[in-house]
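Observations on the model geometry
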Amino acid sequence: MNGSSAALAPALPERVDVIIVGARAAGAATAMLAARGGLDVLAVDRGGYGTDTLSTHALMRGAVVQLARWGLLDRLERAGTPLVRRTTFAYGALEIPVEIRPRGGIEGLCAPRRTRLDALLVDAARQAGATVAHGLRCAGLVRGPGGRVRGVELVDGAGRARRVLADRVVGADGLRSGIARETGAAIRRRGAHASGVVYGYWRGLGIEGYEWRYAPGASTGAIPTDDGATCVFVSFARERFRDELAPDVAAGFARIVAEVSPGLAAALGRAERRGGFRGFPGVPGCLRAAHGPGWALVGDAGFFRDPITAHGITDALRDAELLARALATGRERSLVDYEQERDALAVELLDLSDAVAAYDWSPERVQELHRQLSEVMKREVRGLEAMARAAEPDAAVAALASGAGPLQEKTK
Ligand SMILES: Cc1cc2nc3c(=O)[nH]c(=O)nc-3n(C[C@H](O)[C@H](O)[C@H](O)COP(=O)(O)OP(=O)(O)OC[C@H]3O[C@@H](n4cnc5c(N)ncnc54)[C@H](O)[C@@H]3O)c2cc1C
C-alpha cells in the first residue's frame, strides 16, 4: 500500500458497523436497507456516482415489487422510466404475448438505465443515513485475531490510503469481486455455458413491451427504457463472440438480428441509433459461499448467473434485503440463514440460466426452460410479499429459512 493514512477523505468514519465495497444494485440497496435497520454503514465504490455499467437492465417483477415497497418506483416513473405492461416471447414464428398483471403493488415492469437506477439507490442510502463515497478503491482487507476480517484499506484516485474498521465487510463488488478472491470464498456451483451479448440503444422503434425472440443458436431482446429509448440486444453462445462478432461488432449485430427476427431488423433500419454498441464476451455462472468470519457477499460478487435470463439486478435487490435483515440481527447464525435463503432460489436460477445460455436447445425445450423460470419467479415474488408482511424481521427470516418458508415453497 502506498500513501499516507491521514490525508484521505477526512469525512470518512474510522469505524462503522458495516463497510460495503461496491455501491450499485447490490451494494447501494444493502447500504440503504442496513441503514434503515439502524446500522452505521459506509459504502464505497471505485467508480463515479451515476455512471453507466455493462447491463441491459430489464427488471423482473421481484425487483419492481421491492422498488415500490422501498418507496423508489414513483421516483423512477417521475424521472421518465416507462412502465412495461406486456412481455412477448417468440420462438421462431410462434409469438406468445403475456400481459403483466397488477400484483404486489405494481402495475407493470420497468428497465431503468443503470445511470438512473444506481444513482437512485445511492441517494436513498444517503437519505437513510449511510455514508456513500465514490472514487475510493478497496485495496485490501484488514484482519484481526484468527484471520477474521476487521476492515478495509481504501485508496483514492491520488493514491492516498486510509483504513476503516467494521464488524462486517460486505463484498458487493461485482462479477470479478476482489472481496471474494481475498476471502477465498468457496465456489459452491458453476455453470458450464456462457452467452455473449452485444447491445445498443435506439429511439423511434415503436416497441412498448419487453420482447424476447429465440431462434436456433441466438436470441434478441428489445427493452423499452428511459426517455423514449429502447435497448436492443443479441445473445449467442460465447464461442461465436471471438470469430463472428469481435471483428466487426455492428455487422455481426445486424446479421444476428436478421437471423433471429427479420421484423426487428427492418424496424431498426427505420429507427435512430443512439450511441455505440457494448459487448460482453460471456462468463459461466458461479455461486460462492455467502459469508465467512467478518465478511459477506451480495449481488454478482457471490452469485453470478448468465445474463440471458435478465435476472441479475432482481437477484441483487432481493439478496440485499435478505442480507440487510441478517446484519440487523447482529447474530452470526443469521448469515447462515441468509446463505440458505439466497440459495433456495439461486441454484435453480443459475442452472436454468446456464441451460438457456447453452444455445443447444429446440424451440420446445427453451419454452419449457422459460416455463420453469416463470415458476421460480412466482415463488420469488411470493417470498418477497411474505417478507413484506412479516412485522418482525426475525420472524420473516426464520420462516424463510425453515424449509416451509415462502422461498422454499413448492409451486402448486
Ligand atoms: C451484458 C449484460 C447484460 C445484463 N442484463 C441484465 C438485465 O437485463 N437485467 C438484469 O437484472 N441483470 C442484467 N445483467 C446483470 C446485472 O447487470 C448484474 O447482475 C448487476 O449489475 C449486479 O449488481 P452488483 O451491484 O452486484 O454488481 P455491479 O453492478 O457489477 O457493481 C459492482 C460495483 O463494485 C465496484 N467495485 C469493484 N471492485 C471494487 C473495489 N476494489 N473497490 C471499490 N469498488 C469496487 C465497481 O466499481 C462497481 O460499481 C446483465 C449483465 C451483463 C454483463
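Owing to the predicted nature of the structure, the values given are computational and were not obtained by experimental measurement. (Residues numbered from 1 in each chain as written. Predicted model: local features only at pLDDT ≥ 70, side-chain atom pairs only at ≥ 80, totals over all residues.)

**Quick word on the overall build of the protein chain**
Short version of the rule: We count a stretch as a helix when DSSP gives it H or I for four or more residues in a row; a strand needs E for two or more, and each element gets its number in order from the N terminus. Any residue whose C-beta has 12 or fewer other C-beta atoms within 10 Å is treated as exposed, any with 20 or more as buried, and any in between as partly exposed, C-beta atoms being built from the backbone. Contact criterion: two residues are in contact if their C-beta atoms, reconstructed from the backbone, are within 7 Å.
Each helix and strand counted, the protein chain has 12 helices and 18 strands in total. If you line up the protein chain on its principal axes, its C-alpha atoms span 60 × 50 × 40 Å. Per-residue burial over the protein chain gives 51% buried out of 412 residues. Within the protein chain, contacts between residues at least 6 apart in sequence are counted, and of these 74% link residues at least 24 apart.

**Focus: the domain arrangement of the protein chain**
Interface size is commonly expressed as the accessible surface area that is lost when the partners come together. Convention followed: As annotated, the domain borders come from an automatic or database domain assignment.
Looking at the protein chain, the domain boundaries give domain 1 (15–54 + 114–191 + 285–362) and domain 2 (58–112 + 195–282). Of note, the centres of domain 1 and domain 2, computed from C-alpha atoms alone, are 26 Å apart. Opposite the 17 residues of domain 1 that make contact, domain 2 presents 22 residues. For the side of domain 1 that touches domain 2, the secondary-structure elements that each account for two or more residues are helix H4 (114–127) and helix H9 (312–329). Ranked by residues supplied to the side of domain 1 that touches domain 2, first place goes to H9 with 5 residues.

**Quick word on helix H1 (residues 25–36)**
Operational definition: Given a helix with a known number of residues, its expected span is that number minus one, times 1.5 Å.
Compared with the 16 Å implied by 1.5 Å per residue over 12 residues, the 16 Å span of H1 between its first and last C-alpha is a close match. Taking burial as the measure, the 12 residues of H1 include 11 buried ones, the bulk of the element. Those residues of H1 hidden inside the fold are in contact with strand S1 (15–21), strand S2 (41–45), H4, strand S5 (131–134), strand S8 (161–171) and H9. Remark: Gly38 follows H1 within two positions and exhibits a positive phi of approximately 100 degrees.

**With respect to the site of the ligand**
Let me state the cut-off plainly: Here is the check we use: build the C-beta atom from the backbone, and if it is within 6 Å of the molecule or strand, call the residue near. Basically, the charged four are Asp, Glu, Lys and Arg, the nonpolar ten are Ala, Val, Leu, Ile, Met, Phe, Trp, Tyr, Cys and Pro, and anything else, Gly included, counts as polar.
Near the ligand there are 35 residues, and of these Gly22, Ser55, Gly174, Gly299 and Gly312 occur at the shortest range. Here the shell around the ligand gets 4 residues from one element, more than from any other, and that element is H9. Residues that form the shell around the ligand fall into these classes: 16 nonpolar, 13 polar and 6 charged. Here the shell around the ligand spans two domains, and each of domain 1 (15–54 + 114–191 + 285–362) and domain 2 (58–112 + 195–282) adds at least three residues to it.

**Quick notes on the pairing of strand S4 (residues 94–99)**
We apply this condition: Strand pairing is assigned whenever DSSP identifies at least 2 bridges connecting the two strands.
Across the 6 residues that make up S4, only a small minority, 0, are buried. Relative to S4, strand S3 (residues 86–91) is paired through 6 bridges, and the arrangement is antiparallel. Within S4, the residue paired with Phe89 across the bridge is Ile96.

**A look at the confidence of the model for the protein chain**
Selection criterion: A residue's pLDDT is the predictor's confidence in that residue, given on a scale from 0 to 100.
Here the protein chain averages 92 in pLDDT, and 92% of its residues register 70 or above. Low confidence marks residues 1–7, where pLDDT is under 50. Its contacts with residues over four positions away, or in another chain, come to 15 contacts. For the stretch residues 395–412, pLDDT sits under 50, and the model shows 36 contacts to residues farther than four places along the chain or on other chains.

**Description of the sheet that holds strand S12 (residues 218–224)**
So the rule is basically this: Here, axes are lines fitted to C-alpha atoms. For helices the fit covers the stretch in contact, and angles between N-to-C directions go from 0 to 180 degrees.
If you walk across this open sheet you meet the 7 strands as S4-S3-S11-S12-S13-S10-S14, and the pairing is mixed. Of all strands in the sheet, those with a lone pairing partner are S4 and strand S14 (272–280), marking the two edges. Recorded for the sheet is a direction-independent mean angle of 15 degrees between the axes of neighbouring strands. Here S3 runs beside strand S11 (residues 210–215); their pairing, made up of 5 bridges, is parallel.

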